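Fold and geometry: a report
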Amino acid sequence: MKSQRLLVHYLRTNWHYYAVAVGCTMVANVIQSYYPKLIGNFTDQLKLEQLTRDLIIDYSLLLLGVGLGFGLLAGIGQYLIMRLGRRFEYYTRNRLFDHFTTLGESYYSKNGVGKLLSYVMNDVTAVRESISAGVNQTANATMLILSSLVMMLISQIPPLLIAVCMLPLIAIPFIVIRIGPQIKQRSRTVQESLGLMTESAEEQFGGIRVTKKFAVEPIMRSRFGETVDRIRDNQLSLVRISSLFQAIIPFLGAISVIVTLAFGGYLAIQGQLTIGQFVALTLYVRMMVGPLQQIGNVINTMQRSRASVERLNNLLVMKGEIQESELAKAVALDRTGIRIRHLSFTYPGASKETLHDIDLDIEPGSTIGIIGKTGSGKTTLVKLLLRVYDPPSQAILFGDTDIREMTLESLRNQIGYVPQDGFLFSTTIRDNISFFRRDSSMDKVENAAKQAQIYGSIVSFPEKFETKLGERGITLSGGQRQRTSLARGLIKNAPILILDDSVSAVDAVTETSIIETIRKERRGKTTLLIAHRISALKHADEIIVLDEGRIVQRGTHGELLTVPGIYRTLHSIQEEGSSYVEGKQ
Ligand SMILES: Nc1ncnc2c1ncn2[C@@H]1O[C@H](COP(=O)(O)OP(=O)(O)OP(=O)(O)O)[C@@H](O)[C@H]1O
């Protein structure tokens, strides 16, 4: 894969802006290269006592013209190039964000938030710096060096003298070739360790409440300290090699000036070089140290950003694992049953099967309860019904249509899903509840809140539905958060509703009331209730019991109580618990 794809595309689509910018920079440098020649001519005329008042004014005006011309054009060129760099940043960040939305759950389960942030922040910035500095300084340096060489020849400075003075500078490309790859490698290590640190910081901030409750701050500090130490070591290693690189180039520049003074001074004494030519040559050699250093810098930043470009390109070609078939069709789910046939599933990269040979018919309008120990595969089944992962072909059918032949939009738009840990955004409660239906009227929002039994709590807040939630809804209790997320699922009023342990954090009385409301409101619509508590699903038309990825029992609540098995055991444990509580009251 070509690592330059992202850059090439951007440079190609903006080539005319770059052409103007580079054009301005180049002309500016041609003008600039005229300056030593002018000083040289001035020196000669001074030496020959040919200077007049008018000539001094002419030279001053010419120098002013050189200064203004260079300043103006170089300024415009630099502005355009920097602006293009910033636009690249904006364009790439948007593109990355769009791309992130196409990637599936398995990508996110393998890559932490810190790593994703590092792409969006560090890598994009590194590439932007390299193209801004790269284009600007390359145009600057090459043009200044070329036009200086031409001007020296026009000024009739002996070519041999020019060649000898330039000799020490020729070593620069070799040094760059030798040190460049090492800089690249060390820079990649730094970027990776920065990614790890951001990831670690994100996790630590996310879990800070747990850390504090368990008083394990020293452990967390030492864990974070390790990532910071790694960054310091990697950065110091990069700084060492970069500093060596940055020091050698000016040193070679200084040697050049010494050679110029020695050889040029000797020729001047011999009368083969005028004082003006000597002055101009010294100025040209001094003038070329800067551009040569710039070339070094450019190569340095290019080396550093190459790893970032590679990472961004690799990310941008990555495809989400769920791809819609070209022949995918929209299917209305309101009167459609779901058929699950011999469904077995293994997570990508996992060695063990999570679901084994699941067979289930869900009639339209029915309520199905799913119960089972933690890790038995309940959520996995739901993920497959939402096609977060691809089930095998013909294993899940909506009516007669294989889930893999449906458009993702028609599938996901018609299923309301309320996960156990419903993430709430840092916005108002109203926006959170109407998340899937942005245009929902206030009545609908309030109604959903009432169904989820959260209305009373919301109106007790001073700003009611306009109450802003902090990150992950920290102003709400666990149960309130869960019910807000439930309201968000209920407002969709979807043909199929899946509640994945969505009332686990509420008390038994509220749970009963929520379930009762849902039963009433969803009459005639399909509902899947996943729960650990039998009380939440005992009214279901059919209850299935999952154990280690298999359906081990199925039937109504009454039927399941008549046979020995997990369900009856769970029932007796939970009933005992509740009768013990009742007995205590
Ligand atoms: N992304 C994943 N990659 C690999 N294995 C996974 C992944 N997600 C879940 N699993 C595994 O699949 C099994 C079933 O998990 P699942 O979340 O479906 O259980 P569950 O019945 O919903 O549990 P709980 O009641 O605790 O929510 C578990 O062993 C879990 O470790």
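Residues numbered from 1 in each chain as written. Predicted model: local features only at pLDDT ≥ 70, side-chain atom pairs only at ≥ 80, totals over all residues.

Examining the UniProt feature "transmembrane region" (unreviewed entry) in the chain
Summarizing the sequence annotation, UniProt attributes the feature "transmembrane region" (unreviewed entry) to residues 15-35, 55-81, 138-154, 160-179 and 244-269 in the numbering used throughout. End C-alpha to end C-alpha, residues 244-269 measures 37 Å, and it is 100% helix and 0% strand. (UniProt positions renumbered as here; feature names shortened; annotations may be inferred. Helix = DSSP H or I, 4+ residues; strand = E, 2+ residues; numbered from the N terminus.)

Examining the sheet that holds strand β10 (residues 550-555)
Working definition: the strands of a sheet are paired by backbone hydrogen bonds and lie parallel or antiparallel to each other. Ordered by their spatial adjacency, six strands build an open sheet running β6-β7-β8-β3-β9-β10, and the pairing between neighbours is mixed. A single partner strand is all that each edge strand has here, and the edge strands are β6 (415-418) and β10. Taking each pair of neighbouring strands and ignoring which way they run, the sheet shows an average axis angle of 15°. The pairing of strand β9 (residues 542-547) with β10 spans five bridges and is antiparallel. Pairing of Val545 across the sheet is with Gln553, part of β10. The strands touched by helix α11 (residues 378-385) within the sheet are β3 (367-372), β7 (496-500), β8 (526-530) and β9, with β7 carrying the most contacts at an inclination of about 150°. On the sheet, helix α16 (residues 478-490) packs against β6 and β7 and is oriented at approximately 175° with respect to β6. (Pairing = 2+ DSSP bridges. Axes fitted to C-alpha atoms, helices over the stretch in contact; angles between N-to-C directions. Contact = placed C-beta atoms within 7 Å.)

Examining the packing of helix α3 (residues 34-47) against helix α4 (residues 53-102)
Closest axis-to-axis distance for the α3/α4 pair is 10 Å, and the angle between their directions is 170°. Taken together, the axis directions place α3 and α4 in an arrangement best described as roughly antiparallel. In this structure, α3 meets α4 at a crossing whose hand is left-handed. Touching Tyr34, Tyr35, Leu38, Phe42 and Gln45 of α3 are Leu55, Tyr59, Leu62, Leu63 and Val66, all from α4. Of the residues belonging to the contact of α3 with α4, the class tally is nine nonpolar, one polar and no charged. (Parallel < 35°, antiparallel > 145°, perpendicular 65-115°, else oblique. Left-handed = near helix turned anticlockwise from the far one by under 90°. Nonpolar A, V, L, I, M, F, W, Y, C, P; charged D, E, K, R; others polar.)

Observations regarding the site of the ligand
All residues in the neighbourhood of the ligand are listed as Ser109, Tyr347, Ala350, Thr354, Gly372, Thr374, Gly375, Ser376, Gly377, Lys378, Thr379 and Thr380. The dominant element in the shell around the ligand, judged by the number of residues it contributes, is α11, at three residues. Across the shell around the ligand, the residue classes tally to two nonpolar, nine polar and one charged. (Near = placed C-beta within 6 Å.)

Considerations on the confidence of the model for the chain
Detail in the predicted coordinates should be disregarded across regions flagged by low pLDDT. With 97% of its residues at a pLDDT of 70 or more, the chain has an overall mean of 85. The least confident element of the chain, judged by mean pLDDT, is helix α19 (residues 566-584) at 66; the most confident is β9 at 93. Long-range and interchain partners of residues 579-585, a stretch whose pLDDT sits below 50, account for zero contacts in this model, where long-range means more than four residues apart. (pLDDT = per-residue confidence, 0-100.)

With respect to α4
Between its first and last C-alpha, α4 extends 73 Å over 50 residues, near the 74 Å set by a 1.5 Å rise per residue. Those residues of α4 that fall on the buried side of the exposure criterion are Leu73, Ala74, Gly77, Gln78, Leu80, Ile81, Leu84, Gly85, Phe88 and Thr92. (Expected span 1.5 Å × (residues − 1). Buried ≥ 20, exposed ≤ 12 C-beta atoms within 10 Å, placed from the backbone.)

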